Amino acid sequence: MPVELNPSAAPTADDPFLRTSPPRSCAWIAMYHSVADPSDDPYRITVSPDRLDEQLRRLRRQGLRGVSMRHLLDACARGEERGLVGLTFDDGYHDFIDHALPLLRHHGCTATLFVLPGRLDGDNAWDPLGPRKPLLGADGIRRAAASGVEVASHGLTHVDLTTADEETLHREVSGSRAALTALTGTEVRGFCYPYGRVDERVITAVRGAGYRYACAIAPGSLAGPYALPRVHIGQSDTAARLRLKMWTNRLRHRALDRSAVTG
């Protein structure tokens, strides 16, 4: 996870800094996980439906629209990304269908859902702390795809690919793409690195498997079409903090510059 900003250092809601419209020449990518009750959440990956509703409403009021990665990257390639924000949801929790999807529809947004075809109808067994959260099965994934959500791969079983042997790496990367293509009947363009961990060997495997792009968190010098930076959005991200994150991540070069897609 990215380092959280210190709330005590954040400007107040009436600060002129926050009243100024954020720069929109470069799009940015929001990273969500579970949309449910966040009261038992040691990893800070859960937002409540009410908070997600508030965050999407805030984006729309600022003239921004959340879209899938496929939509965003196609728009960037045409130079038409102004006013767009990439919305991504990792792990494929069942609560995406229950809570996130209705809110996305209500606010006229789409998203990319990164799922684990090796854990259909399973749970987040890779998280040793916190509650067990159910994952989507084949029917839920198809339902998301039918609603206009881009379904993409998060690997097969959520393992750290930077420590995986070659056989496991191939299975997690190529095997997951084949499984999702068979499940949805559509081309799977995107990949998301479990835990956000990536290195050059893993990037080479993802590119070689036929993916068009891949999402990381803060990939540093590896940033590019196969290591796109994202901004973690959590329950603590009120309107003021959300605006601040848009600014600070733009300044930290975590916005999606057009050159990251076309160069």
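Residues numbered from 1 in each chain as written. Predicted model: local features only at pLDDT ≥ 70, side-chain atom pairs only at ≥ 80, totals over all residues. Heavy atoms only, no water.

A. Broad picture of the state of the cysteines. Tallied over the full model, the rule gives 0 disulfides. In this structure Cys215 is a free cysteine whose sulfur lies 5.9 Å from that of Cys192, the closest cysteine sulfur available. Using a relative accessible area of 0% as the deciding quantity, one classes Cys215 as buried. (Disulfide = S-S within 2.5 Å. Buried < 20%, exposed > 50% of the residue type's maximum accessible area, 1.4 Å probe, protein only.)

B. Spatial organisation of the nonpolar core. Membership of the largest hydrophobic core comes to 49 residues, with the highest contact counts inside it found for Trp28, Leu52, Leu87, Phe89, Phe96, Tyr193 and Val206. Counting residues per element, this core draws most heavily on helix α4 (residues 95-106), at 6 residues. Residues Ile29, Met69, Leu72 and Cys192 belong to the second largest nonpolar core, which totals 15 residues. (Core = buried A, V, L, I, M, F, W, Y, C linked by side-chain atoms within 4.5 Å. Helix = DSSP H or I, 4+ residues; strand = E, 2+ residues; numbered from the N terminus.)

C. Fine view of unusual backbone geometry. A positive phi angle, close to 90°, is found at Asp91, a residue other than glycine. The backbone phi angle of Tyr195 is positive, close to 65°, even though this residue is not glycine. One can find Tyr195 in the loop between β8 (190-192) and α7 (200-208).

D. Seen up close, the packing of helix α6 (residues 166-184) against α7. Two elements in contact, α6 and α7, have axes whose closest approach is 10 Å; the angle formed by their N-to-C orientations is 45°. By the criterion of interaxial angle, the relationship of α6 to α7 is oblique. The handedness of the crossing between α6 and α7 comes out as right-handed. Facing Glu166, Leu169 and Val173 of α6, the residues of α7 in contact are Arg201, Val202, Ala205 and Val206. Considered class by class, the residues forming the contact of α6 with α7 number 5 nonpolar, no polar and 2 charged. (Axes fitted to C-alpha atoms, helices over the stretch in contact; angles between N-to-C directions. Parallel < 35°, antiparallel > 145°, perpendicular 65-115°, else oblique. Left-handed = near helix turned anticlockwise from the far one by under 90°. Contact = heavy atoms within 4.5 Å. Nonpolar A, V, L, I, M, F, W, Y, C, P; charged D, E, K, R; others polar.)

The values are spatial; any link to function lies outside them.
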